[in-house]
Amino acid sequence: MSSALTDLCRHPIVQAPMAGGASGPRLAAAVSEAGGLGFLAAGYKTADGMYQEIKQVRGLTSRPFGVNLFMPQADTADPAAVEVYRNQLAGEATWYETPLGDPDCGLDDGYDAKLAILLDDPVPLVSFTFGCPTRDVLESFARVGTLTVVTVTTPEEAQAAQWAGADALCVQGVEAGGHQGTHRDQPEADGAGLGLLTLLTLVRETTQLPLIATGGLMRGAQIAAVLAAGADAAQLGTAFLVTPESGADPLHKQAMTNPLYVRTELTRAFSGRPARGLVNRFLREHGPYAPAAYPQVHHLTSGLRKAAAKAGDAQAMALWAGQGHRLARELPAGRLVEALTAELAEARAARAAQDQGGNQ
């Protein structure tokens, strides 16, 4: 890893920021304490809620950690399409005895207020999803000593982030669970995302920034592979989702290895933006009809998802998961970091032995 990022963690293992409750203070602190880099997800939280969690992490560990922000979204949704989807979900609202949410309750996720807090009381690292901040914003973080990471899904996005002044890139392959961090939501590109190793190679050859690879990574041998392909660190989300420290709903955790869920798909059903989750009833029934309307659809379905969780019905929850979900291990977060580090060392040693044998 580059010297600046190396100083943040002993091991090249980053815990992905998973918005919606999974990536809270306990998980971030546990990963950082174990020598990885823990992350708080500020998405869907208020600015004050984010700050309270930052203070909690600081009370649990003195090690560095990161905070992830969602970029404000352009209002490109078709109100008529959102209304049609609302009507389609009327039966779900009746079944779960909860009203549908207001699709027009905000596009910016409190972005400016969160920036103000993070610039006033800096954390070691801030990452961005769903776009790239302006050069002024990135320079402001540089002035207060905060490293910045921009999530990218194409070489073009990587070049734009490098030009804007990002310190590093999080290169997200299509295998990743949860939302694809594309800078623009283009429905015509649904399902056309690049696999991690291909994307990593393309980005490595077009930018000079340190790279954090993410997408389907669950084992140390996979971490070794992305490091060999040019990454400086690996970011894992689904692997940490099932840990005791994760704030994910127990039903979500159980679903990761439940044989009832045989595959994942990218869907707009729950949020209006492509996100990878386990295929359940809600995804099958509503995914084909969900409009490109984020965060309007997210707001619309939020109450439904919570009501389903409360009712113990995983069939209407957003069960975000990467393609490697079947490899999830129910270990404490610190022990998972240790296991991944041991597997990484074993994979590197095996590769070194092969290289040595080939040179004899």
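Above this text you will find the structure in question.
A few points on the structure. (Residues numbered from 1 in each chain as written. Predicted model: local features only at pLDDT ≥ 70, side-chain atom pairs only at ≥ 80, totals over all residues. Heavy atoms only, no water.)

Concerning the overall build of the protein chain
Scanning the protein chain for helices and strands turns up 15 helices and 11 strands. Here the C-alpha atoms of the protein chain give a radius of gyration of 20 Å, agreeing with the 21 Å that 2.2 N^0.38 yields for 360 residues. Dimensions of the protein chain along its principal axes, counting C-alpha atoms only, are 70 × 45 × 40 Å. With 360 residues in all, the protein chain has 56% of them scored as buried. A sequence separation of at least 24 residues applies to 68% of the contacts in the protein chain between residues at least 6 apart. Summing over all exposed atoms, the protein chain offers an accessible surface of approximately 15,000 Å²; the carbon and sulfur share of this is 52%. Put simply, the protein chain has 28 plus and 37 minus side-chain charges, and the middle of one group is 5 Å from the middle of the other. (Helix = DSSP H or I, 4+ residues; strand = E, 2+ residues; numbered from the N terminus. Rg over C-alpha atoms; globule rule 2.2 N^0.38 Å. Buried < 20%, exposed > 50% of the residue type's maximum accessible area, 1.4 Å probe, protein only. Contact = heavy atoms within 4.5 Å. Areas by Shrake-Rupley, 256 points an atom, 1.4 Å probe, with all protein chains shown as cover. Lys, Arg positive; Asp, Glu negative; His and termini not counted. Charge placed at Lys NZ, Arg CZ, Asp CG, Glu CD.)

Details of the environment of G181
By the element assignment, G181 lies in the loop between strand 7 (178-179) and helix 9 (196-204). Sequence separation between G181 and C170 is 11 residues, and the spatial gap between their C-alpha atoms is 9.6 Å. Here G181 is in contact with T129, F130, G131, T151, T153, E157 and Q172, once residues within four sequence places are set aside.

Topic: the sheet that holds strand 11 (residues 275-278)
Here we have 3 strands laid out as an open sheet, ordered 7-11-10, and antiparallel in their pairing. Where the open sheet ends on each side, the last strands, each with one partner, are strand 7 and strand 10 (264-267). With 2 bridges connecting them, strand 7 and strand 11 associate as antiparallel partners. Residue pairing in the sheet places H179 in a bridge with A275 of strand 11. (Pairing = 2+ DSSP bridges.)

Some thoughts on the state of the cysteines
Counting across every chain of the model gives 0 disulfides. Free cysteine: C132, not disulfide-bonded; nearest cysteine sulfur from C170 at 13 Å. No disulfide involves C170; its nearest neighbouring cysteine sulfur is the one of C9, lying 13 Å away. (Disulfide = S-S within 2.5 Å.)

Topic: the packing of helix 6 (residues 111-120) against helix 7 (residues 135-143)
One can describe the packing of helix 6 onto helix 7 by two numbers: an axis separation of 10 Å at closest approach and a directional angle of 25 degrees. Between helix 6 and helix 7, the interaxial angle falls into the category roughly parallel. Touching Y111, L115, L118 and L119 of helix 6 are V137, S140 and F141, all from helix 7. Taken together, the residues of the contact of helix 6 with helix 7 break down into 6 nonpolar, 1 polar and no charged. (Axes fitted to C-alpha atoms, helices over the stretch in contact; angles between N-to-C directions. Parallel < 35°, antiparallel > 145°, perpendicular 65-115°, else oblique. Nonpolar A, V, L, I, M, F, W, Y, C, P; charged D, E, K, R; others polar.)

Some points on the packing of aromatic side chains
Enumeration over the complete set of coordinates arrives at 6 aromatic pairs. For the pair F270 and F282, a centre-to-centre distance of 4.9 Å together with 20 degrees between the ring planes defines the contact as stacked. Of this pair, F270 sits in the loop between strand 10 and strand 11 while F282 sits in helix 13 (residues 281-286), placing them 12 residues apart in sequence. Both residues of the pair, F270 and F282, belong to the buried class. Relative to W320, the ring of F270 has its centre 5.7 Å away and its plane inclined at 90 degrees; by these criteria the two rings are edge-to-face. Separated by 50 residues along the polypeptide, F270 in the loop between strand 10 and strand 11 and W320 in the loop between helix 14 (296-310) and helix 15 (333-358) bring together distant segments of the chain. Three or more aromatic residues joined by ring pairs form one cluster here, namely Y44, F70, F130 and Y294. (Phe/Tyr/Trp six-rings, centres within 6.5 Å; stacked < 30°, edge-to-face > 60°.)

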